[in-house]
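For reference, the chains in residue letters:
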Amino acid sequence: MSGFARDMAVNRLERLVNTVEDERLPVPVREVWAVGDVALGLDPVERLDVYITKDILMRDDSDPATASADDADPDSQFRDSHGIAGVGKTVRADWAREFPQYLRANANGHAAPEKCLAAHLLEDDEPIHLEVCNAPFEDNVTQRLRGAQLREDYTQLLDPRGVCLWADGTRSDDAFRKLRDGELALPTLSRALEMLGLDGDEATDAARELHAWRDRQDGVTVRGDVV
């Protein structure tokens, strides 16, 4: 896919939020944000950027009624069946049993919540970038800016121009309306970065580097971090 017409992009965000509201997910989700181009009123939207705030699974809240008949430990069960460790520890066991087709692992063979969320919420060929973190979007914008400066790698930045679509079970119909009508008045990326404290030249360089990184992406991309 080469991008979304504006109405299609907003419709896609609505379907994503519907899934968050209606379906069991690998980890609890607290926020869904639309970020970048779709928040600027562009048409078409070349890539759709979405930020999800999730909880770290400290204790699996799976329904015991979904446990396997032989009472197998879910970690052992999915190691044997899928070669993936950590079910019941990093992702919910009852979710993995209901949606085993969406179970994904990191390079170490452990269930990766951000990859599992991407598999559940998105199609492989969609031009969508998904950011997943345990920190709220606004907090992580500043955290990632500091990290990008320290590493001199601005591809790690979060675009600060975001709009919250859903938080703690509540959908923002007003946010969806403003997205659809292109009513949000947001600055250029370089100007937004200046407002966060970068000087003019650094903000321009950072925006250029982040835009170039985006242009190199294709299909679904996902990035997860923990703050």
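First, a word on what this report is: a plain description of the structure on this page.

Conventions and cut-offs
- Residues numbered from 1 in each chain as written.
- Predicted model: local features only at pLDDT ≥ 70, side-chain atom pairs only at ≥ 80, totals over all residues.
- Heavy atoms only, no water.
- Salt bridge = Lys/Arg side-chain N within 4 Å of Asp/Glu carboxyl O.
- Helix = DSSP H or I, 4+ residues; strand = E, 2+ residues; numbered from the N terminus.
- Buried < 20%, exposed > 50% of the residue type's maximum accessible area, 1.4 Å probe, protein only.
- 1 Å grid on protein atoms, 1.4 Å probe; cavity = no way out; pocket = protein on both sides within 12 Å on 5 of 7 lines; lining within 4 Å.
- Points joined across faces, edges and corners; volume = space filled by probe spheres on them.
- Nonpolar A, V, L, I, M, F, W, Y, C, P; charged D, E, K, R; others polar.
- Core = buried A, V, L, I, M, F, W, Y, C linked by side-chain atoms within 4.5 Å.
- Axes fitted to C-alpha atoms, helices over the stretch in contact; angles between N-to-C directions.
- Parallel < 35°, antiparallel > 145°, perpendicular 65-115°, else oblique.
- Left-handed = near helix turned anticlockwise from the far one by under 90°.
- Contact = heavy atoms within 4.5 Å.
- Pairing = 2+ DSSP bridges.

**Thoughts on the pattern of salt bridges**
Pairing is possible between side chains of opposite charge, provided their charged atoms come close.
Then, number 1: A full pass over the atoms with the stated rule returns 21 salt bridges.
Then, number 2: Between D75 and K89 there is a salt bridge whose closest N-O contact spans 3.1 Å. Placement of the pair is D75 in helix 2 (residues 74-82) and K89 in the loop between helix 2 and helix 3 (93-98), with a sequence separation of 14 residues.
Then, number 3: Judged by relative accessible area, which is 6%, D75 ranks as buried.
Then, number 4: Ionic pairing is found between D159 and R214, a salt bridge with its closest N-O pair at 2.8 Å. Remark: R214 occurs in helix 8 (residues 200-215) and D159 occurs in the loop between helix 5 (137-151) and strand 4 (162-167); sequence separation between them is 55 residues.

**Topic: empty space enclosed by the protein**
Then, number 1: In the structure shown here, the tally under the stated rule is one cavity of 30 Å³ or more.
Then, number 2: Forming the boundary of the largest cavity are 13 residues, of which D49, E131, L158, D159 and R214 lie nearest the centre.
Then, number 3: Sorting the residues of the lining of the largest cavity by element identifies strand 2 (48-54), strand 3 (128-133) and helix 8 as the ones contributing at least two each.
Then, number 4: Among the residues forming the lining of the largest cavity, the class breakdown is seven nonpolar, one polar and five charged.

**A word on the nonpolar core**
Then, number 1: Counting 32 residues, the largest nonpolar core has L13, V32, L48, V50 and L165 as the members making the most contacts within it.
Then, number 2: Listing elements by their share of this core, those giving two or more residues are helix 1 (6-22), strand 1 (29-35), strand 2, helix 4 (113-121), strand 3, strand 4 and helix 6 (173-181).
Then, number 3: Among the elements that line this core, the one with the most residues is helix 1, at six residues.
Then, number 4: The next biggest cluster of nonpolar side chains, apart from the first, holds 12 residues, and it includes L198, A206, A207 and L210.

**So, the packing of helix 1 against helix 6**
Then, number 1: Interaxial distance between helix 1 and helix 6 falls to 9 Å at its minimum, and their mutual angle equals 160 degrees. The angle between helix 1 and helix 6 places the two elements in the roughly antiparallel class. Crossing handedness for the pair helix 1 and helix 6: right-handed. On helix 6, the residues touching R6, D7, V10, N11, L13, E14 and V17 of helix 1 are F176, L179 and R180.
Then, number 2: Partitioned by chemical class, the residues of the contact of helix 1 with helix 6 number five nonpolar, one polar and four charged.

**Side note on the pairing of strand 2**
Then, number 1: Counting buried positions along strand 2 gives seven out of seven residues, so the element sits mostly inside the fold.
Then, number 2: Two strands pair when backbone bridges link them, and strand 1 and strand 2 are joined in this way by six bridges, in the antiparallel orientation. Counterpart to V32 in the pairing with strand 2 is I52.
Then, number 3: Both strand 2 and strand 3 contribute to a ladder of six bridges, which runs parallel. Across the sheet, the residue bridging to L48 is I128, located in strand 3.

**Structural notes on the environment of V20**
Then, number 1: Inspection of the secondary structure assignment puts V20 in helix 1.
Then, number 2: C-alpha separation for the pair V20 and L121, spaced 101 residues apart in sequence, amounts to 8.1 Å.
Then, number 3: The contact partners of V20, leaving out residues within four places of it in the chain, are L25, V29, V32, L121 and W166.

**Some thoughts on the environment of P74**
Then, number 1: Inspection of the secondary structure puts P74 in helix 2.
Then, number 2: A relative accessible area of 16% places P74 in the buried class.
Then, number 3: On a C-alpha basis, the gap between P74 and N106 in space is 18 Å, while along the polypeptide they are 32 residues apart.
Then, number 4: Residues contacting P74, with those up to four places away along its chain left out, are V87, G88, A93 and R97.

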